[in-house]
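This is what each chain is made of:
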Amino acid sequence: MPCLGVGEVVESCVSGSGGGYPSDLTDGQWALVEPLLPPARVGPKGGRRDKHPRRRIVDAIFYVVRTGCAWRQLPKDFPPWPTVYWYFTWWHNDGTVERMHDALRGKVRAADGRNAEPTAGLIDSLSVRTADAAPSATRGFDAGKKVKGRKRFIVTDTLGLLLAVHVVAANVQDRDGARRPLLWTRLDHPGVQKIWADQGFAGRLVDRTAQILGRELVIVRKDPGQRGFQVQSKRWAVERTFSWLTAHRRLARDYETSPAHAETMIRWAMIGVMARRLARGRAAVRSGPRLLAGSAQVS
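Participant: Sorry, what's going on with the packing of aromatic side chains here?
Facilitator: Each aromatic ring pair is specified by the distance between its two centres and by the angle formed by the two planes. On inspection of all chains with the given rule, the structure shows 14 aromatic pairs. Ring pairing ties together the aromatic residues Phe62, Trp86, Tyr87, Trp90, Trp91 and Trp268, which thus form one cluster.

What follows is the structure in structure tokens.
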């Protein structure tokens, strides 16, 4: 089954708009993203004309997501950082980022031979440390993972594509923090009938999901004799999604003041992953080990 790979996250883009950074969109990727953005203002009656090309605005946002730099540290060949941040918040507030993300997810599923809407999903959580600028009211301590920060809940389809995301304080228990993303999945993707989860979601959440949402939450448990890490059936895809996300340096830690902006950063990362997949036309493939030039083959 074709699937996205971690190589898609670390792949360098060698062509694209002027800056020449690896995070810049290629022409093929921009052709996918551009129609999903709001129309540019052209003035004079349509408001003030846009001063900076939309492509450079989007490239600047991806630069922040991929490199993890602060907004103020954007290179000078991008538009001014207050302008880039203004577009980031504008597209967050008017729902552009969600619409763009959902449109690309449908294209990826269609390219994989799937229906646009999934019928099954996966849910998991990940606790990450926060920057000092994050308000204390949005942070907590995850006693199980020994992490002080925030917890990301994501629901994905069986390809690992994002269906819902919710960021809360890290001290929120899995069975409590999962309520909203499960509800959003029920409302936005009514075709999803079954969702797989790990043991942290067991208990009353299973009954609540069945009774209130009318959906089946299946708990995937570890084998009694398991020692060390083992790939778990069904759930491996959502674990892989977390690896795609944390390969973006901005998401290795939560730097956002607002949890809602943290959710939007996650969507931007997935937009990049899906745009690269669609422009390539196939799944990324890891290159195998290579011998150094002149070295002998050891048998």
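That shown, we press on.
Participant: What is the right way to read the pairing of strand 4 (residues 162–169) from this model?
Facilitator: Along any regular strand, the residues point their side chains to alternate faces of the sheet. The buried fraction of strand 4 amounts to eight of the eight residues, a majority that puts the element mostly inside the structure. In terms of strand pairing, strand 3 (residues 147–156) meets strand 4 through seven bridges, oriented antiparallel. Bridging across to strand 4, Val155 finds its partner in Ala164.

Participant: Sorry, what's going on with the environment of Tyr255 here?
Facilitator: Within the fold, Tyr255 resides in the loop between helix 10 (249–252) and helix 11 (259–280). Once the C-alpha coordinates of Tyr255 and Cys69 are considered, the two residues, 186 residues apart in sequence, prove to be 9.9 Å apart. Not counting residues up to four positions away in its chain, the partners in contact with Tyr255 are Ala131, Arg249 and Arg250.

Participant: Explanation requested: helix 4 (residues 81–93) in the structure shown.
Facilitator: An α-helical turn contains 3.6 residues, so a residue and the one three or four places further along point in the same direction. Taking 1.5 Å as the rise per residue, helix 4 with 13 residues should run 18 Å; its terminal C-alpha atoms sit 18 Å apart, in good agreement. All of the buried residues along helix 4 are Val84, Tyr87, Phe88, Thr89 and Trp91. Buried residues belonging to helix 4 abut helix 3 (54–67), helix 5 (96–111) and helix 11. Gly95 sits one or two positions beyond helix 4 and adopts a positive phi of about 85°.

Participant: For this particular structure, what's the right way to read the packing of helix 7 (residues 179–188) against helix 8 (residues 204–213)?
Facilitator: Two packed helices can be described by the angle between their axes and the distance between those axes. Their axes nearest at 12 Å, the elements helix 7 and helix 8 cross at an angle of 30°. Relative to helix 8, the element helix 7 is oriented roughly parallel. Our pair here, helix 7 against helix 8, has a crossing hand that is right-handed. Residue-level contacts link Arg179, Leu182, Leu183 and Arg186 of helix 7 to Arg204, Leu205, Arg208, Thr209 and Leu213 of helix 8. In terms of residue class, the contact of helix 7 with helix 8 is built from four nonpolar, one polar and four charged.

Participant: Please clarify how the layout of surface pockets should be interpreted in this entry.
Facilitator: In this approach, a probe sized like a water molecule rolls over the atoms, and the result shows the empty space that is left. The space that makes up the second largest pocket amounts to roughly 360 Å³. Along the wall of the second largest pocket there are 18 residues; nearest its centre are Glu98, Asp102, Leu163, Asp188 and Arg267. For the lining of the second largest pocket, the secondary structure elements donating two or more residues are helix 5, strand 4, helix 7 and helix 11. Broken down by element, the residue count for the lining of the second largest pocket peaks at five residues, all from helix 5. For the lining of the second largest pocket, the residue count by class is seven nonpolar, four polar and seven charged.

Participant: Mind showing me how you'd approach the environment of Arg221 here?
Facilitator: Secondary-structure assignment places Arg221 in the loop between strand 6 (216–219) and helix 9 (236–246). In this structure the C-alpha to C-alpha distance between Arg221 and Ala202, which are 19 residues apart in sequence, comes to 9.6 Å.

Participant: Got a minute to help me understand helix 8 in this structure?
Facilitator: Taken together, the buried positions of helix 8 are Leu205, Thr209 and Leu213. One side of helix 8 carries all its buried residues, which in axial view fall inside an arc of 45°. Those residues of helix 8 hidden inside the fold are in contact with helix 6 (174–177), helix 7 and strand 6. Directly beyond the C-terminal end of helix 8, a positive phi value near 70° is found at Gly214.

Participant: Mind showing me how you'd approach the nonpolar core here?
Facilitator: In a soluble, globular protein the nonpolar side chains are often hidden away together inside. Formed by 50 residues in total, the largest nonpolar core has its most connected members in Val58, Ile61, Leu74, Trp91 and Trp268. Residue assignment for this core shows that the elements contributing at least two residues are helix 2 (27–33), helix 3, helix 4, helix 5, strand 1 (120–129), strand 4, helix 9 and helix 11. Not counting residues up to four positions away in its chain, the partners in contact with Ile61 are Val84, Phe88, Trp91 and Trp268. Grouped together as the second largest cluster of nonpolar side chains are 17 residues, Val155, Leu163, Ile195 and Ala202 included.

What counts as what
- Residues numbered from 1 in each chain as written.
- Predicted model: local features only at pLDDT ≥ 70, side-chain atom pairs only at ≥ 80, totals over all residues.
- Heavy atoms only, no water.
- Phe/Tyr/Trp six-rings, centres within 6.5 Å; stacked < 30°, edge-to-face > 60°.
- Buried < 20%, exposed > 50% of the residue type's maximum accessible area, 1.4 Å probe, protein only.
- Helix = DSSP H or I, 4+ residues; strand = E, 2+ residues; numbered from the N terminus.
- Pairing = 2+ DSSP bridges.
- Contact = heavy atoms within 4.5 Å.
- Expected span 1.5 Å × (residues − 1).
- Axes fitted to C-alpha atoms, helices over the stretch in contact; angles between N-to-C directions.
- Parallel < 35°, antiparallel > 145°, perpendicular 65-115°, else oblique.
- Left-handed = near helix turned anticlockwise from the far one by under 90°.
- Nonpolar A, V, L, I, M, F, W, Y, C, P; charged D, E, K, R; others polar.
- 1 Å grid on protein atoms, 1.4 Å probe; cavity = no way out; pocket = protein on both sides within 12 Å on 5 of 7 lines; lining within 4 Å.
- Points joined across faces, edges and corners; volume = space filled by probe spheres on them.
- Arc of directions from axis to C-beta.
- Core = buried A, V, L, I, M, F, W, Y, C linked by side-chain atoms within 4.5 Å.

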